[in-house]
Amino acid sequence: MRVKNINGTSQHTCKCGSWIQHWRNYSGQIATECRAAGCSRKDLVGAHVQKDVSYDSSWYIVPFCNMHNQSKQKVELVANTVLVSANVATTCGR
Ligand SMILES: [Zn+2]
Ligand SMILES: [Zn+2]
């Protein structure tokens, strides 16, 4: 799955305290390294992304390093990485 960053989202927060914690709470996965394919950096943040597809413009959270969180390029994810919805109405804000 390829994704693109959504910029200007750092002011958004949720009840989980941080977006990386939001991802941990809802993905059922554990991330110790950036989920951009080939990246092993460990300075993780919960990055807001959209899928690089025309049929889904929803916002999702994935664990990226600071560098990939600021990438203007489309980013290929590590296989099987779960994209957690950034919509708090369907997750922690319920
Ligand atoms: Zn949350
Ligand atoms: Zn990275």
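Whatever comes next refers back to the structure up there.
This section reports on the structure supplied with the text. Here the structure is a predicted model, which means the values were calculated and not measured.

Thresholds, definitions, all that
Residues numbered from 1 in each chain as written. Chains lettered and ligands numbered in written order. Predicted model: local features only at pLDDT ≥ 70, side-chain atom pairs only at ≥ 80, totals over all residues. Heavy atoms only, no water. Helix = DSSP H or I, 4+ residues; strand = E, 2+ residues; numbered from the N terminus. Rg over C-alpha atoms; globule rule 2.2 N^0.38 Å. Donors = N, O, S within 2.8 Å, 3.2 Å for Na, K, Ca; no water. Tetrahedral: all angles 85-135°; square planar, octahedral: opposite > 155°, others 65-115°. Buried < 20%, exposed > 50% of the residue type's maximum accessible area, 1.4 Å probe, protein only. Core = buried A, V, L, I, M, F, W, Y, C linked by side-chain atoms within 4.5 Å. Contact = heavy atoms within 4.5 Å.

## A closer look at the overall build of the protein chain
Here is step 1: Within the protein chain, the secondary structure is distributed over two helices and five strands.
Here is step 2: When its helices and strands are written in sequence order, the protein chain yields β-α-β-β-α-β-β.
Here is step 3: The C-alpha radius of gyration of the protein chain comes to 12 Å, within 12% of the 12 Å expected for a compact globule of 94 residues.
Here is step 4: Expressed as lengths along the three principal axes of its C-alpha atoms, the size of the protein chain is roughly 35 × 30 × 25 Å.

## A short note on the coordination of the zinc ion (ligand 1)
For a metal with four tetrahedral donors the ideal donor-metal-donor angle is 109.5 degrees, while six octahedral donors give ideal angles of 90 or 180 degrees.
Here is step 1: Protein ligation of the zinc ion (ligand 1) involves Cys14 (SG), Cys16 (SG), His22 (ND1) and Cys92 (SG), the donor distances falling in the range 2.0 to 2.3 Å.
Here is step 2: One can describe the donor arrangement at the zinc ion (ligand 1) as tetrahedral, given that its four donor atoms subtend angles of 105 to 114° at the metal.
Here is step 3: All donors to the zinc ion (ligand 1) come from one chain, and their sequence spacing reads C-x1-C-x5-H-x69-C. Each member of the pair, cysteine 16 together with histidine 22, is buried.

## Considering the nonpolar core
Here is step 1: Ranked by size, the top nonpolar core spans 24 residues in total, and within it Val3, Cys34, Val49, Val62, Phe64 and Leu83 carry the most contacts.
Here is step 2: Looking at this core element by element, the count peaks at five residues for strand 3 (residues 60-65).
Here is step 3: In this view, valine 62 contacts Trp23, Val45, Gly46, Ala47, Val49, Leu77, Thr81, Val82 and Leu83; residues no more than four positions away in its chain are not counted.

## Here's the deal with the coordination of the zinc ion (ligand 2)
Here is step 1: Ligation of the zinc ion (ligand 2) by protein atoms is provided by Cys34 (SG), Cys39 (SG), Cys65 (SG) and His68 (ND1), these donors lying 2.0 to 2.3 Å from the ion.
Here is step 2: Coordination geometry of the zinc ion (ligand 2): the four donor atoms subtend angles of 102 to 114° at the metal centre, consistent with an arrangement described as tetrahedral.
Here is step 3: The sequence motif formed by the donor residues of the zinc ion (ligand 2) is C-x4-C-x25-C-x2-H. Pair noted here: cysteine 34 is in the loop between helix 1 (19-27) and strand 2 (44-51) and cysteine 65 is in strand 3, with a separation of 31 residues, a long-range link. With respect to burial, cysteine 34 and cysteine 65 carry one shared label: buried.

All quantities given are derived from atomic positions and should not be read as evidence of function.
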